[in-house]
Amino acid sequence: MNHLERIVAAIQHTKPDRVPVTPLSINRSLRVLGYTTKTVLYDPRKMADGKIAASEVFDDDAVVAGTDLFVESEALGSKVEVYEHVPVVVDYVIKEPTDLDRLAVPDAKAAGRMPVVTDEIRLLKEHFGDTMVVVPVTCGPLTMASQLYGPEQLLIAMIEEPAWVHRLLDICTETALGYWREIIDAGAHAIVALEPISSGTLISPDQYREFVGPYVARLFALANEHGRVPVNHVCGDTVPIIDQMAGLGSPLLQLDYPISMGEAKLAVGDRVCIAGNVDPVDYMLYGTPSQVYWKCRAVIEEAAAGSGFILGAGCDLNPRTPTENILAMVHAAKDTVYNDDLTVEFIRESYLRPEVKPARKPA
Amino acid sequence: MDERQYLERIKQALVDLNRDRLLVETQAALDEGVDPTRIIKEGLSAGLLLVGDQWIRKERFISHVLVAAKAMGAAQELVEPHLAGDSWGAGKIVLGTIKGDLHDIGKNLVALMLRSGGFEVTDIGVDVPAERFVETAREQDADIVAISLLMSVCLDEVERACELIKGAQDVRARILVGGPPVSDAVAREIGADMYGGFDAVTALESARRLLSQLRAA
């Protein structure tokens, strides 16, 4: 099986040869060639080269295009500044609610860094063809709105001025749809909608139902129409919303570390595939390879049976994440085999059992 | 009505997130001559801490805390002209997010909780370089420098801030570092005096503990 076939099998709940693995290495991948986000941001060739080089080192099952989730809000007029590893919004385009009247949906063929990412996708597709999943990260509508108005102001407006927030979300969704069309045109196999602001840590399940679900569902429908896989990525605690997430048209949910993958699997059954959810900081950044490896095995044991599972980190890896820890995660996946009844067996123990849990974990 | 009933009504309006009623009740209490310090301490702050507790217990969400905080700010403006001065300062804190980190919700909640707990907070905002923490701590003669961060990539700059603060002879402030990428062990490793916790309610408890350590020393 090639990488693409393996991921497709997981999503379709058929039998992959082994557990698929996507460590969620985005900016971390660029480090393999000594690049930082700042040095490649407008250079699709360097972005693609970094990801290709990382893919050769890590040998995982997907390549993530793009570097961050500020492409859309920047195209809409928020001022973004780029630090070494991550761009950040330093000036919101909406300062007063009436500023919304002046906000226009940008042309995704030309606006800001949108063409840089679509060019990167084309280069990655040229290199990998259909052997590897090429999947860009994009910004979900609610998170985009938070980058236009400020997260705190947005969260307050969701309670005090909901009709206004819906108008804003419409523009964000139209912006995302335009960008997704270009991404589809560039040939991406899957597209991730990153929605950290829709985390159960920040908003309530009722707010998710009102302000997130209907909007991301429009994006997911577009991708499905074109035979691409829309991926629903929500950070933080998703327990209160996981049932809703499973019903929005995305067949793949990326879940973060605070939740139990075993319980998530029970909650979604075979409706959707779940990916995750090793702690990107405590384990991937600060842990030892054997701690990472055995944590991955524990996650696999919780959630891989029945297919519909992809091993990964809970969120984007820190650029300093040790190569050995990423390889330990990939090894954990490579040490498995799926049986015909979709149970999973381990065929090796590539690392000794660690004596202690990562130091950061409370005992 | 006695004072306690007025305070109870203020607290309840805040817990109900009813800004209009909160302003009416606060004004009524002021008109009746209720001690303005008690209005802030036992009415507004007590109400906000209750909303904060409900959030920690997952009965409410951050947006509710933010709406409560905004309402409390408006009510506080009514009360402030009646205050004799900053009368119940528990200690002076300089607070900000470290350079590279612009996530201000957590930091703002920490500021609110610290103020509710009686601390005098100088909020130096987001994306603050290490040097400015030191300078502001020196200017303010602060008891505590509190550094907030959400992103693990920013830990290096926090470590640099800790070094600078410890190295400055004329700065006596203790250092509190909090946020998701930090733990007790990480806080110690990067040179902080105490881990501020994962959330704003814990940050207040940690600041109180650190202050009593400082005063006992």
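Residues numbered from 1 in each chain as written. Chains lettered and ligands numbered in written order. Predicted model: local features only at pLDDT ≥ 70, side-chain atom pairs only at ≥ 80, totals over all residues.

A few words on the overall build of chain A. Looking only at helices and strands, one finds 16 helices and 12 strands in chain A. What you see for chain A is a C-alpha radius of gyration of 19 Å, in line with the 21 Å of a compact globule of 363 residues. Taken along the three principal axes of its C-alpha coordinates, chain A extends 60 × 40 × 40 Å. For chain A, the residues scored as buried account for 57% of the 363 residues in total. (Helix = DSSP H or I, 4+ residues; strand = E, 2+ residues; numbered from the N terminus. Rg over C-alpha atoms; globule rule 2.2 N^0.38 Å. Buried ≥ 20, exposed ≤ 12 C-beta atoms within 10 Å, placed from the backbone.)

Here the focus is the sheet that holds strand β6 (residues 190–194) of chain A. Residues and elements named next belong to chain A. Read from one edge to the other, the open sheet built from 8 strands follows the order β1-β10-β9-β8-β7-β6-β5-β2, with strand pairing classed as parallel. Two strands lie at the open edges of the sheet, namely β1 (21–22) and β2 (62–65), each paired on one side alone. The pairing of strand β7 (residues 229–234) with strand β8 (residues 252–255) spans 4 bridges and is classified as parallel. Each bridged residue has a counterpart across the sheet, and for Val234 the counterpart in β8 is Leu255. Relative to strand β5 (residues 133–139), helix α9 (residues 162–186) is tilted by about 165°, and along the sheet it contacts β5 and β6. (Pairing = 2+ DSSP bridges. Contact = placed C-beta atoms within 7 Å. Axes fitted to C-alpha atoms, helices over the stretch in contact; angles between N-to-C directions.)

It is worth spelling out unusual backbone geometry at this point. Most peptide bonds are trans, and most residues other than glycine sit at a negative phi. Of note, the amide linkage connecting Gly276 of chain A to Asn277 of chain A takes the cis form, showing an omega dihedral of -15°. Positionally, Asn277 of chain A belongs in strand β9 (residues 273–278). Notably, Lys58 of chain B is not glycine yet its phi reads approximately 65°, a positive angle. Following the sequence through the fold, Lys58 of chain B ends up in the loop between α3 (36–56) and α4 (62–79). A tally of 13 C-beta atoms within 10 Å means that Lys58 of chain B is categorised as partly exposed.

Moving on, we get to the interface of chain B and chain A. Listed as interface residues are 17 residues of chain B and, on the opposing side, 22 residues of chain A. Taken together, the elements giving at least two residues each to the side of chain B that touches chain A come down to α4, α5 (104–116) and α8 (184–189) of chain B. Element by element, the count of residues in the side of chain B that touches chain A is highest for α4 of chain B, at 5 residues. Looking at the side of chain B that touches chain A residue by residue, the classes come out as 10 nonpolar, 5 polar and 2 charged. (Nonpolar A, V, L, I, M, F, W, Y, C, P; charged D, E, K, R; others polar.)

Residues and elements named next belong to chain B. The strand order β2-β1-β3-β4-β5 describes an open sheet built from 5 strands, whose pairing is parallel. If you trace the sheet from one side to the other, it starts and ends with β2 (120–123) and β5 (194–195), each paired once. As paired strands, strand β3 (residues 144–148) and strand β4 (residues 174–178) are joined by 5 bridges and run parallel to one another. Bridge pairing in β4 places Ile144 opposite Arg174. In this fold helix α6 (residues 130–140) packs onto β1 (92–97), β2 and β3, with an angle of close to 160° to the strand it touches most, β1. Relative to the sheet, helix α9 (residues 200–216) contacts β1, β3, β4 and β5, its axis offset from that of β4 by approximately 165°.

Turning next to the confidence of the model for chain B. The pLDDT averaged across chain B works out to 89; a share of 97% of its residues lies at or above 70. Across the interfaces of the predicted complex, the ipTM metric reaches 0.70, alongside a pTM of 0.86. (pLDDT = per-residue confidence, 0-100.)

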